[in-house]
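Overview (structure and organization)
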Amino acid sequence: MKETQSWTHRSQLFEAAEQELFTLLSVTAKSRRTMAAKLDEKLPPAAVPVLGMILKLGNTTQSDICEHLMTDKATLSRLVTRLEELELVKREVDETDRRVFNLLPTELAKERWHGWLQNWRDDLRERITKWSDTDLTHLTGLLERLNADLREL
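In every chain, residue numbers begin from 1 and rise along the written sequence. Per-residue local features are limited, in this predicted model, to residues with pLDDT of at least 70; the limit for side-chain atom pairs, both in listing and counting, is 80 or more; totals at the level of whole chains, interfaces and linings are taken over all residues. Just so you know, side-chain values use all the structure's heavy atoms and leave hydrogens and water out.

If you check an unreviewed UniProt entry, the chain appears there as MarR family winged helix-turn-helix transcriptional regulator from Glutamicibacter bergerei.

Spelled out as C-alpha cells, the structure:
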C-alpha cells in the first residue's frame, strides 16, 4: 500500500513538473515572438535563436548553428536568408575554405539585440530581485541539469 502511495505521489510530481515545463515553453515562445517583433517586425520568431548564436559567436557557419540548435540545413538556410534580407546578418566567404560562408552579425543587429537584451535583463532582475542567493543558485543548477538531460532526448 505504501509503495502505491509513493508511486502515486511521484507520478503527481512528474505531472506537475511537466505542466511547469509546458508553461515555460509557452512563455518562451511568447517571448521569442515579442523579441522578433522588437528586432524587426518582419523577423520570424524562429530566427531569434539563430541571430542570438551569431551574435554570441561573432563569426560562425551554418553547419555550426545546425549542430548547436539541432535544426535542419534547409530551415536554417531560409532563416539566415531572411536575417540577411533584414540586414541583421551578412555572409562572408571563408578565407581558408572558399566553399564555406561565415555568418557575421551586422552593426544594426548588435544595436537592436543589445538594446532589447538590456531591457529584458532589467525587467527580469526587477522581478527576481527579492530572490535569495540560495534560490538563484538552486535555479541555475536545476536549469543546467535540465538542459543537459534534455539535450540527450
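What follows concerns the pairing of strand S3 (residues 101-105). When you tally the buried positions in S3, you get 4 out of 5 residues, the bulk of the element. Bridge count for strand S1 (residues 60-61) against S3 is 2 bridges, and the pairing is antiparallel. Directly across from Thr60, in S3, lies its bridge partner Leu103. In terms of strand pairing, strand S2 (residues 89-93) meets S3 through 5 bridges, oriented antiparallel. Considered in S3, the bridge of Val89 is made with Pro105. Only protein chains enter the accessibility calculation, which uses a 1.4 Å probe. A residue is then buried if its area is under 20% of the maximum for its type, exposed if over 50%, and partly exposed in between. Put simply, DSSP marks the helices as runs of H or I at least four residues long and the strands as runs of E at least two long, and each gets a number from the N terminus on. Two strands make a pair as long as DSSP finds a minimum of two bridges between them.

Bringing the pattern of salt bridges into the picture now. Note on definitions: salt bridges are taken to be side-chain nitrogens of Lys or Arg within 4 Å of carboxyl oxygens of Asp or Glu. By the definition in use, this model includes 5 salt bridges. Ionic pairing is found between Lys110 and Glu107, a salt bridge with its closest N-O pair at 3.2 Å. Here Lys110 pairs with Glu107, and both are found in helix H5 (residues 107-128), just 3 residues apart, close to one helical turn. You can call Lys110 partly exposed: its relative accessible area is 32%.

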